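One-letter residues, chain by chain:
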Amino acid sequence: PNQNEDNLRSPICCIMGHVDTGKTKLLDCIRGTNVQEGEAGGITQQIGATYFPAENIRERTKELKADAKLKVPGLLVIDTPGHESFTNLRSRGSGLCDIAILVVDIMHGLEPQTIESLNLLKMRNTEFIVALNKVDRLYGWKVCKNAPIVKAMKQQSKDVQFEYNTRLTQIVTQFKEQGINTELYYKNKEMGKDTFSIVPTSAISGEGIPDMLLLLVQWTQKTMIERLTYSNVVQCTVLEVKVVEGHGTTIDVVLVNGVLHEGDQIVVCGMQGPIVTTIRALLTPHPMKELRVKGTYLHHKEIKAAQGIKITAQGFEHAIAGTSLYVVGPDDDVEDIKEAAMEDMKSVMSRIDKSGEGVYVQASTLGSLEALLEFLKTPEVSIPVSGIGIGPVHKKDVMKASVMLEKKKEYATILAFDVKVTQEARELSDELGVKVFMADIIYHLFDQFKAYIDTIKE
Ligand code: GDP
Ligand code: MG
């Protein structure tokens, strides 16, 4: 036995997948049961995350008769599904999400955003399980509320089992076409080696949810001991920058390791250079039972990882989501820390093509910008980039992109990933002849750009 096993932090789990596959519903479902019973079972709502203590997971999975000990203190599930929180949970280019749930609708199979999610997971080398959701939609499904999936499946008619197997086989084939091996989790002994596990679920009636919870916990504690060993060196990522009434601009962070204190001097990466400030307040929502108390937060003197926290302090207006938060320790030189904090921005900037010729790319956060740049760099795509921006596309971005009109006209293009384009920017781009392509799926930007290049060449 590893002595580290006594000192594990909670694994951090993201939910990804195509729209309407049931990501939000799955979260509600795993959160829900105990709340209805008037007993939250220690589940705590955090900023951008929900914490499920091991106790609760044990309770929810007892029908599975898993005698294995739960070694992790719990599971921290990120509440905002989608690529944004996943890509922002990063540190120096690597992912901080320990495990992801990729949700697939059993009736629809793989969809565009499923493939997008797969690409992001591959890029970050993140382990994941597939929740094959909406099994209750199989024609004739007999509800077995919150039952383990094998037990629920035994209750089904031959017809239901046949449809289930047919769809499952099709989806396994679709994954194979994406270069991913998958198998039903209870047949998959390799667990994460080369074959990813599929857990059939219903977010409505709860079948398969016990299996999913147990799989997440058992897999992480079995294969990620080192990664999950708690460290008191602060590791913290900015997930969102938000204006909150009465608090000004706040940052929502995920604290992966270490402890934060009220009054700590911190440094975060800003649009106009490093932001050095002091933590004014560490905030979390009220406990579950009191969630009706809107707009007020609990204040903490200190908070230990892993947690989702809202931080208030002065000067966050230009903070960039997807960057790391640093604490200035008593022996630290603040200048060194400032440099470290800007490293994130620098490493992304360094991906700009040295020739000065290329398209202009704009994304909502540093994390998503990084993902887009990574994609544009791949040999099959290989689109050079001459400039980058974060946030909505403004006139100044169009101006910058327009420089290419004289150099290489087809590059006088803005690839806008998951960001808005202001009315003024749109007017200016029409006037100058700068093309603006918008999409919320990375490879759709590539498709649009490629189609445009092809029409130019004709
Ligand atoms: P998201 O876009 O992935 O977050 O999907 P939602 O959680 O908002 O779910 C989209 C729709 O599918 C909603 O109408 C849900 O009620 C429904 N839904 C989600 N999960 C299930 C499920 O397991 N079974 C059934 N029958 N419907 C589901
Ligand atoms: Mg949703």
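In this report, we go over the structure that sits alongside the text. (Residues numbered from 1 in each chain as written. Chains lettered and ligands numbered in written order. Predicted model: local features only at pLDDT ≥ 70, side-chain atom pairs only at ≥ 80, totals over all residues. Heavy atoms only, no water.)

Overview of the packing of aromatic side chains
Part 1 of the reasoning: In total, this model carries 4 aromatic pairs according to the counting rule given.
Part 2 of the reasoning: The side chain of Lys304 reaches across the aromatic face of Tyr230, ending 4.4 Å from its centre. (Phe/Tyr/Trp six-rings, centres within 6.5 Å; stacked < 30°, edge-to-face > 60°. Lys NZ or Arg CZ within 6 Å of the ring centre and 35° of its normal.)

Description of the packing of helix 11 (residues 395–402) against helix 13 (residues 423–432)
Part 1 of the reasoning: Running from N to C, helix 11 and helix 13 point in directions that differ by 25°, and their axes come no closer than 8 Å. One element, helix 11, and the other, helix 13, form an angle in the roughly parallel class. Judged by the sense of rotation from one axis to the other, the crossing of helix 11 with helix 13 is right-handed. Facing Lys395, Val398, Met399 and Ser402 of helix 11, the residues of helix 13 in contact are Glu424, Ala425, Leu428, Ser429 and Leu432.
Part 2 of the reasoning: Counted by class, the contact of helix 11 with helix 13 contains 5 nonpolar, 2 polar and 2 charged residues. (Axes fitted to C-alpha atoms, helices over the stretch in contact; angles between N-to-C directions. Helix = DSSP H or I, 4+ residues; strand = E, 2+ residues; numbered from the N terminus. Parallel < 35°, antiparallel > 145°, perpendicular 65-115°, else oblique. Left-handed = near helix turned anticlockwise from the far one by under 90°. Contact = heavy atoms within 4.5 Å. Nonpolar A, V, L, I, M, F, W, Y, C, P; charged D, E, K, R; others polar.)

Side note on the site of ligand 1
Part 1 of the reasoning: Around ligand 1 there are 15 residues in total, and Asp20, Thr24, Lys25, Asp136 and Ala203 lie nearest to it.
Part 2 of the reasoning: At a separation of 2.7 Å, an oxygen atom of ligand 1 approaches a polar backbone atom of Ala203.
Part 3 of the reasoning: Relative to its unbound accessible surface of 580 Å², ligand 1 loses 72% to contact with the protein.
Part 4 of the reasoning: The element that contributes the greatest number of residues to the shell around ligand 1 is helix 1 (residues 23–36), accounting for 3 residues.
Part 5 of the reasoning: Residue composition of the shell around ligand 1, by class: 3 nonpolar, 6 polar and 6 charged. (Near = heavy atom within 4 Å. Polar contact = N/O pair within 3.5 Å; in protein donor to acceptor, adjacent residues only side chain to side chain. Areas by Shrake-Rupley, 256 points an atom, 1.4 Å probe, with all protein chains shown as cover.)

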